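Commentary on secondary and tertiary structure
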There are 2 protein chains.
Amino acid sequence: MHVQHCIVSAPGKAILHGEHAVVHGKVALAVSLNLRTYLELKATSTGKVSIDLPNIDTSLSWDVSELKLLVSDSFAKPEETKQLDAELLRRLREFVGIADGNLDTRGMATLAFLYIYLSSFGSGELPSLSVSVWSELPTGAGLGSSAAYSVCLAAALLTASGAIPAPLKHSVGTSRWCQEDMELINSWAFQGETIIHGNPSGVDNAVGTWGGMLRFLSGKILPLSRVPLLRILLTNTNVARSTKVLVAGVKDKRNKFPSIINPVLDSVDAISCTCEKTLAEMTSEPITSEHYNVLEELIDINQSQLNVMGVGTPVSGHPLTGAGGGGCGITLLRPETEPSVVESTVQDLRDCGYECWETSIGGPGVQQHHPSSVKPGVMEHLGAR
Amino acid sequence: MHVQHCIVSAPGKAILHGEHAVVHGKVALAVSLNLRTYLELKATSTGKVSIDLPNIDTSLSWDVSELKLLVSDSFAKPEETKQLDAELLRRLREFVGIADGNLDTRGMATLAFLYIYLSSFGSGELPSLSVSVWSELPTGAGLGSSAAYSVCLAAALLTASGAIPAPLKHSVGTSRWCQEDMELINSWAFQGETIIHGNPSGVDNAVGTWGGMLRFLSGKILPLSRVPLLRILLTNTNVARSTKVLVAGVKDKRNKFPSIINPVLDSVDAISCTCEKTLAEMTSEPITSEHYNVLEELIDINQSQLNVMGVGTPVSGHPLTGAGGGGCGITLLRPETEPSVVESTVQDLRDCGYECWETSIGGPGVQQHHPSSVKPGVMEHLGAR
């Protein structure tokens, strides 16, 4: 079987509002972050399946013939499978030698790749192919890098296997899949996230797939139809953080001071709802500077509420995304902001020892790219090995 | 008429919780601050009434005979007067040459002194006397310095006129007036505050009179019976602040984002109530470090809520009293904190350019002192001229 060459990309995610409050049944707004993960899939004739992950210095390959032994005869087609196949995962762990409970990044990335590869092709012939993945996203910063990886794997492998058609019909440009196909991509990306994280919320892979913005409430994910694209500066403070510890801290505080913290959660819920309403207005009426004023005020208020909950950042003026307590911060850039002002701000932040990117939120989800339409430099990273 | 020599003092005040929220019908907790204002009243035979205010370089005197002309024949006794006598105030303004609307500190201090002097003695003979007032409190920092001044004036002049008896029965020590006499002091101090501020809440003079802590809700002031004395560091950031502008800012924010700010006000209300409950516990059961943990957490949460309302401080780690937006901050000191730690913290803060005092909150209100019982240095300040 000879597969089609394809290049796909998926965005990262940021939590704009509702981080932590979402754990307590309040609305959170997750938004796509246009720092993207790119994947190139190439047919090979080596009889091997290989993966290159230059960001984490990983390059591995396996014989197709050995992988075949892991697949049972009664393997379902990927469009018919919704549940994680625990038996397949167990066999894969044994095959690559990763103990259950080991959460090493390389191991998890390998397992997710081989699992989606086998699931995509296992009901037919296993092809010889190579996959290379490179990401603009920092890992472990709460920016959905593992979900963007899983979404790319699902999109490329499902397309290569013919489970979904390639959306790119011309020899230039960028295309997206239809709704139904994106749902399949999302459900396989969720399985990848489950392998990597154990018990993911599904928010990160949904943002990676659909892009734009989505509302998350009590486990239900609702993509929002009308969202403007907003320029931002993203700052990574590189402050060490443990989401688990922070979430537990908020719970403890709520148990200790319910009459104080419950209203805070209500306030955060209202921040998310006000933000959603404002963003919708920005797509239906002329955008004014007052829209930006409101968005900035909401970010400031939300940041202070994270401080109330004891999970804010020690870095003033740079509101956080992710689970707070460090991590990354978002600064809105207005359309009229001069490039020189942006540059000097970026420089100031870098001088403080932070990583800083000029990017955007609210952009598209998973896409297929013609090689000529991938932004400069990405192909070099993908073909680095 | 020859008046008795007397020395009195009154504390400043800090708002522990509920600043701003109190404007919106929520509970505030005001607490006495043991930076005190001292007043010495001496009989003289000069036929003059004089006042020395070394803190603001003011030293003035008037002939008793001229002051007599301001008093009408039908002058009521001070214990029978509850309302400000607008006609007397008008005549005093004319006499000392201060236009209505002029809020100059010296002018206001002069008016309040002469008003309470005439009101205390006007129904009888006007005595020749000198009053000297010196304060440990910085002025204009939201620490109730004008109220402490008014309380001292009322206590000393009402005692000197015989409207209330001197509580100090022995030739040593410190004494307080009975409840009924303190009510009279408080009502005259309120009139002094009205002269100085126009429309005071009455909280500052109540704290200066009763000391300890009081609960303020919808214009009602309730002194709390059980309050521990707590050591603190008070930091004056010297950041310029306009209470009026800050209060208006919170109102605007509430009007703009009611669903976000209303829960914040509820949360602040709960902070005050939780603090009150914790302080009461500290007087009825053994004080533990957990009590201090809770008090510190409440201060931190309250500070973050001031930030949510947009009236916090730019100085991290130093929660504010006063109306926020600068002003003074309170840091609790635990009983076990080593003096060397306190000293080095004070030094650090001073190195940052802040004024810093080691003092206490929750201490006694207005007191009469025997000269031998006034702390060292105070008599020198009072007698400096």
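Residues numbered from 1 in each chain as written. Chains lettered and ligands numbered in written order. Predicted model: local features only at pLDDT ≥ 70, side-chain atom pairs only at ≥ 80, totals over all residues. Heavy atoms only, no water.

Section: the overall build of chain A
Each helix and strand counted, chain A has eleven helices and twelve strands in total. Here chain A has a C-alpha radius of gyration of 21 Å; the compact-globule value for 385 residues is 21 Å, and the two agree. Projected onto the principal axes, the alpha-carbon positions of chain A cover approximately 60 × 45 × 40 Å. Going through the 385 residues of chain A one by one, you find that 58% of them count as buried. Excluding contacts between residues fewer than 6 apart, the proportion of contacts in chain A whose partners are at least 24 apart in sequence is 76%. For chain A, the exposed surface amounts to about 15800 Å²; the carbon and sulfur share of it is 51%. (Helix = DSSP H or I, 4+ residues; strand = E, 2+ residues; numbered from the N terminus. Rg over C-alpha atoms; globule rule 2.2 N^0.38 Å. Buried < 20%, exposed > 50% of the residue type's maximum accessible area, 1.4 Å probe, protein only. Contact = heavy atoms within 4.5 Å. Areas by Shrake-Rupley, 256 points an atom, 1.4 Å probe, with all protein chains shown as cover.)

Concerning the domain arrangement of chain A
Residues and elements named next belong to chain A. Domain parsing of chain A yields domain 1 (5-226 + 364-382) and domain 2 (230-361). Taking only C-alpha atoms into account, the centre of domain 1 sits 27 Å from that of domain 2. Across the contact, 29 residues belong to domain 1 and 38 residues belong to domain 2. For the pair domain 1 and domain 2, the interface holds two salt bridges. As a salt-bridge pair, Arg-215 and Glu-276 come within 2.7 Å of each other at their nearest N and O atoms. Remark: the boundary between domain 1 and domain 2 carries eight residue pairs in polar contact (both at pLDDT 80 or more). Looking at the side of domain 1 that touches domain 2, the elements with two or more residues in it are strand 1 (6-17), strand 2 (28-43) and strand 7 (213-217). Grouping the amino acids of the side of domain 1 that touches domain 2 by side-chain chemistry returns 16 nonpolar, eight polar and five charged. (Domains from an automatic or database assignment. Salt bridge = Lys/Arg side-chain N within 4 Å of Asp/Glu carboxyl O. Polar contact = N/O pair within 3.5 Å; in protein donor to acceptor, adjacent residues only side chain to side chain. Nonpolar A, V, L, I, M, F, W, Y, C, P; charged D, E, K, R; others polar.)

Quick word on the UniProt feature "domain: GHMP kinase N-terminal" (unreviewed entry) in chain A
Under the local residue numbering, the UniProt record ascribes the feature "domain: GHMP kinase N-terminal" (unreviewed entry) to residues 121-207 of chain A. Split by type, residues 121-207 of chain A is 47% helix and 10% strand. Its first and last C-alpha atoms lie 26 Å apart. (UniProt positions renumbered as here; feature names shortened; annotations may be inferred.)

Describing the packing of aromatic side chains
All names here are of chain A. Counted by the stated rule, this structure contains eight aromatic pairs over all chains. Aromatic pair Trp-62 and Phe-113: ring centres 6.4 Å apart, planes at 35 degrees, arrangement tilted. In this pair, Trp-62 is assigned in strand 4 (residues 58-63) and Phe-113 in helix 3 (residues 105-121), connecting sequence segments 51 residues apart. Just as Trp-62 is buried, Phe-113 falls in that class too. Linked through ring pairs, Trp-62, Phe-113, Tyr-117 and Phe-121 together constitute an aromatic cluster. (Phe/Tyr/Trp six-rings, centres within 6.5 Å; stacked < 30°, edge-to-face > 60°.)

Here we look at the relation of the copies chain A and chain B
Superposing chain A onto chain B requires a rotation of 180 degrees together with a translation of 0.0 Å along the rotation axis, leaving an RMSD of 0.1 Å. Considering both components of the superposition, the chain copies are consistent with a two-fold axis. Distance from the rotation axis, computed per C-alpha, reaches its smallest value in chain A at Pro-263 of chain A: 2.4 Å. (Least-squares fit on C-alpha atoms with pLDDT ≥ 70 in both.)

So, the pairing of strand 2 (residues 28-43) of chain B
A regular strand places its side chains on the two faces of the sheet in alternate fashion. All names here are of chain B. Burial analysis of strand 2 places 13 of its 16 residues in the buried class, which makes it a mostly covered element. In the sheet, strand 1 (residues 6-17) pairs with strand 2 via eleven bridges, with the strands oriented antiparallel. Across the sheet, residue Pro-11 finds its bridge partner in strand 2, namely Arg-36. Sheet topology note: the strand 2/strand 7 (residues 213-217) ladder contains four bridges and is antiparallel. For Ala-30, the partnering residue across the bridge sits in strand 7 and is Leu-214. The pairing of strand 2 with strand 5 (residues 129-135) spans seven bridges and is antiparallel. Bridge assignment links Tyr-38 to a residue of strand 5, and that residue is Trp-134. (Pairing = 2+ DSSP bridges.)

Looking at the pattern of salt bridges
In total, this model carries 26 salt bridges over all chains according to the counting rule given. Notably, a salt bridge pairs Glu-358 of chain B with Arg-231 of chain B, separated by 3.3 Å at the nearest N-O pair. Of this pair, Glu-358 of chain B sits in strand 11 (residues 355-361) while Arg-231 of chain B sits in strand 9 (residues 230-236); the two residues are 127 residues apart in sequence, bridging distant segments of the chain. Overlapping salt bridges, with partners in common, bring together Glu-87, Arg-90, Arg-91 and Glu-94 of chain A in one network.

Some words on unusual backbone geometry
At Ser-218 of chain A, a residue that is not glycine, the phi angle is positive and equals roughly 50 degrees. Mapped onto the elements, Ser-218 of chain A comes out in the loop between strand 7 and strand 8 (220-223).

What to know about the interface of chain A and chain B
Contact residues are listed per partner, giving 21 residues for chain A and 21 residues for chain B. When the area that chain A buries against chain B is broken down by residue, the three leading residues are Phe-257, Ile-260 and Ile-301 of chain A, summing to 29%. Linking chain A with chain B are four salt bridges, by the criterion used here. When the shortest N-O distance is used, the salt bridge between Lys-256 of chain A and Glu-297 of chain B registers 2.5 Å. Scanning the region where chain A abuts chain B turns up six residue pairs in polar contact (both at pLDDT 80 or more). For the side of chain A that touches chain B, the secondary structure elements donating two or more residues are helix 7 (243-256), helix 8 (258-284) and helix 9 (289-308) of chain A. Residue composition of the side of chain A that touches chain B, by class: ten nonpolar, six polar and five charged. (Buried area = accessible area lost by both parts, 1.4 Å probe.)

A short note on the confidence of the model for chain A
Close inspection of predicted coordinates is inappropriate for parts of the model with low pLDDT. Taken residue by residue, chain A gives an average pLDDT of 89. The fraction at 70 or more is 95%. Overall fold confidence for the complex sits at a pTM of 0.83, while the interface term, ipTM, reaches 0.81. (pLDDT = per-residue confidence, 0-100.)

Things to note about the side chain of His-369 of chain A
Residues and elements named next belong to chain A. Its location among the elements puts His-369 in strand 12 (residues 367-369). Here Ser-9 takes part through its side chain, which lies 2.6 Å from a polar atom of the side chain of His-369. Separated by 3.3 Å, the side chains of His-369 and Thr-174 make a polar contact. Ignoring any residue separated from it by four or fewer positions in sequence, one finds His-369 in contact with Ile-7, Val-8, Ser-9, Tyr-38, Leu-168, Gly-173, Thr-174 and Val-374.

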